[in-house]
Amino acid sequence: MRLEDIPRIPLGFLPTPIDAMPRLSRELGVTLSVKRDDFTGFGGGGNKVRKLEFLMADAIAKNVKVLITTGGHQSNHARMCAAAARKFGMHPVLVLRGNRPSEFQGNLLLDRLFGAELEFLDPDAYFTEIAPRMQAHADAAEARGEAAYIIPVGGATPLGSLGYVQAVKELSEQYAETGRKAPDFIVAPVGSGGTIAGLTIGVSLFWPETKVVGIAVTGSAVPFTQRIAVMANAGAKLIDVTREWQSDDIWIETDFVGPAYGVPSEAGNAAIHAAAEKEGLLLDPVYTGKAVGGLMSIIASGKIPAGSDVLFVHCGGSPALYPFTQQLVGN
Ligand SMILES: *Cc1c(COP(=O)(O)O)cnc(C)c1O
């Protein structure tokens, strides 16, 4: 099937705008623009909305009643899944990594507002228990006669990644309309890797000269380059694109995770302050702050040369600012 023929249910307010960053550009010595996918809008917005346009179309076709997914406490993905489930009359179940919090702030607050059923898994047990726990929720639903649908962490499936193939198509049309040539680099954070997998396929179709750079904000047991190549290959097959990627074709920076996933880093926090104070742009401490911090560093080191045209994909996440007052501004 072609991309246009794969069922997709509109969720986002698309196309999202492209924003110039003149002050940050001057400081960094590149032309920096931002694709504002924090403004996809639905359910508080962010990159998962694009993946969910494909995943929810699949769930709706299967007459799903219970939508199950997972993530960390401040998972934007889990929050957007809860919202999407509600929009289509489904019951959201979120199995989150972390102990039950004493306070529900940021995305956890929004999860509660969407009325999601929440289960918390001890971080040490998470990786062994998450698959059976999600399956147990699915089995319980099926036993009641309700179809269940499990979305893996980050919506990182070949089908979900098509959201970012579609995003590059949208971008290429936006650039063409204003007569602007394709950027030299397109840069995005890497959590589950679905976004970069989709960008990789999309760029090969619509912007063949552009390089895709992912900045990891979490560790990975299997190297990201391998996981993303596998996902891109499977996503490409869905839309009859014959191109295949190897690990070596994927560019992922892994030095900017900081202390751990979900734990703010100094460089990430500095980037949050710089973007806010120079451009009035909100980043977040879990994903986009660390990614922009990493981007600044690879520009400074010359890996992305001075004078390049760089497009950063802002994947959202600002609800995760609010639980981090102390780390960001002290008292
Ligand atoms: C999920 C997420 C990412 C990472 O996207 P993946 O497709 O999981 O790699 C980046 N930024 C924000 C704000 C996110 O919520």
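Here the structure is a predicted model, which means the values were calculated and not measured.

Procedures and definitions
- Residues numbered from 1 in each chain as written.
- Predicted model: local features only at pLDDT ≥ 70, side-chain atom pairs only at ≥ 80, totals over all residues.
- Heavy atoms only, no water.
- Buried < 20%, exposed > 50% of the residue type's maximum accessible area, 1.4 Å probe, protein only.
- Helix = DSSP H or I, 4+ residues; strand = E, 2+ residues; numbered from the N terminus.
- Pairing = 2+ DSSP bridges.
- Right-handed = clockwise from strand over helix to strand, strands pointing away.
- 1 Å grid on protein atoms, 1.4 Å probe; cavity = no way out; pocket = protein on both sides within 12 Å on 5 of 7 lines; lining within 4 Å.
- Points joined across faces, edges and corners; volume = space filled by probe spheres on them.
- Nonpolar A, V, L, I, M, F, W, Y, C, P; charged D, E, K, R; others polar.
- Expected span 1.5 Å × (residues − 1).
- Contact = heavy atoms within 4.5 Å.
- UniProt positions renumbered as here; feature names shortened; annotations may be inferred.
- Near = heavy atom within 4 Å.
- Polar contact = N/O pair within 3.5 Å; in protein donor to acceptor, adjacent residues only side chain to side chain.
- Areas by Shrake-Rupley, 256 points an atom, 1.4 Å probe, with all protein chains shown as cover.
- Domains from an automatic or database assignment.
- Axes fitted to C-alpha atoms, helices over the stretch in contact; angles between N-to-C directions.
- Parallel < 35°, antiparallel > 145°, perpendicular 65-115°, else oblique.
- Left-handed = near helix turned anticlockwise from the far one by under 90°.

A. Geometry of the pairing of strand β3 (residues 66–72). Buried residues dominate β3, accounting for seven of its seven residues. Pairing geometry for β3 and strand β4 (residues 91–97), over seven bridges, is parallel. Looking across to β4, one finds that V66 is bridged to H91. In this fold, β3 hands off to helix α3 (residues 76–87), which returns the chain to β4; that crossover is right-handed.

B. Highlighting the layout of surface pockets. As a volume, the second largest pocket reaches approximately 220 Å³. Of all elements in the fold, only α7 (194–206), β8 (211–216) and β9 (251–253) reach the threshold of two or more residues within the lining of the second largest pocket. For the lining of the second largest pocket, the element with the most residues is α7, which contributes four residues. Across the lining of the second largest pocket, the residue classes tally to eight nonpolar, four polar and three charged.

C. Looking closely at helix α9 (residues 266–279). Across its 14 residues, α9 extends 20 Å between first and last C-alpha, which sits within 8% of the 20 Å expected from 1.5 Å per residue. The set of residues buried in α9 consists of G268, N269, A271, I272, A274, A275 and E279. At its buried positions, α9 is contacted by β1 (18–20), α1 (22–28), α10 (288–300) and α11 (325–329).

D. Representation of the UniProt feature "modified residue: N6-(pyridoxal phosphate)lysine" (unreviewed entry) in the protein in the model. Per the UniProt annotation, the sites labelled "modified residue: N6-(pyridoxal phosphate)lysine" (unreviewed entry) are K48. Relative to the helices and strands, K48 is located in helix α2 (residues 48–61). Sequence-distant contacts of K48, that is, excluding residues within four places in its chain, are made with H77, M80 and G154.

E. Spotlight on the site of the ligand. In the vicinity of the ligand there are 15 residues, among which K48, K51, G191, S192 and T195 approach most closely. Contacts to the ligand include N76, whose side-chain N or O atom sits 2.9 Å from an oxygen atom. Contact with the protein chains covers 99% of the free accessible surface of the ligand, which is 380 Å². Its residues assigned to classes, the shell around the ligand shows four nonpolar, nine polar and two charged. In this structure, the shell around the ligand is formed jointly by two domains, domain 1 (3–47 + 157–329) and domain 2 (48–155), each of which donates at least three residues.

F. The packing of α2 against helix α6 (residues 158–177), seen in detail. In the contact formed by α2 and α6, the axes pass within 7 Å of each other and the chain directions differ by 130 degrees. Of the possible angle classes, the one that applies to α2 and α6 is oblique. The element α2 and its partner α6 pack so that their crossing is right-handed. Residue-level inspection shows R50, K51, F54, L55 and D58 of α2 in contact with α6, the latter providing L159, G160, L162, G163, Y164, Q166, A167 and E170. Grouping the constituent residues of the contact of α2 with α6 by class yields six nonpolar, three polar and four charged.

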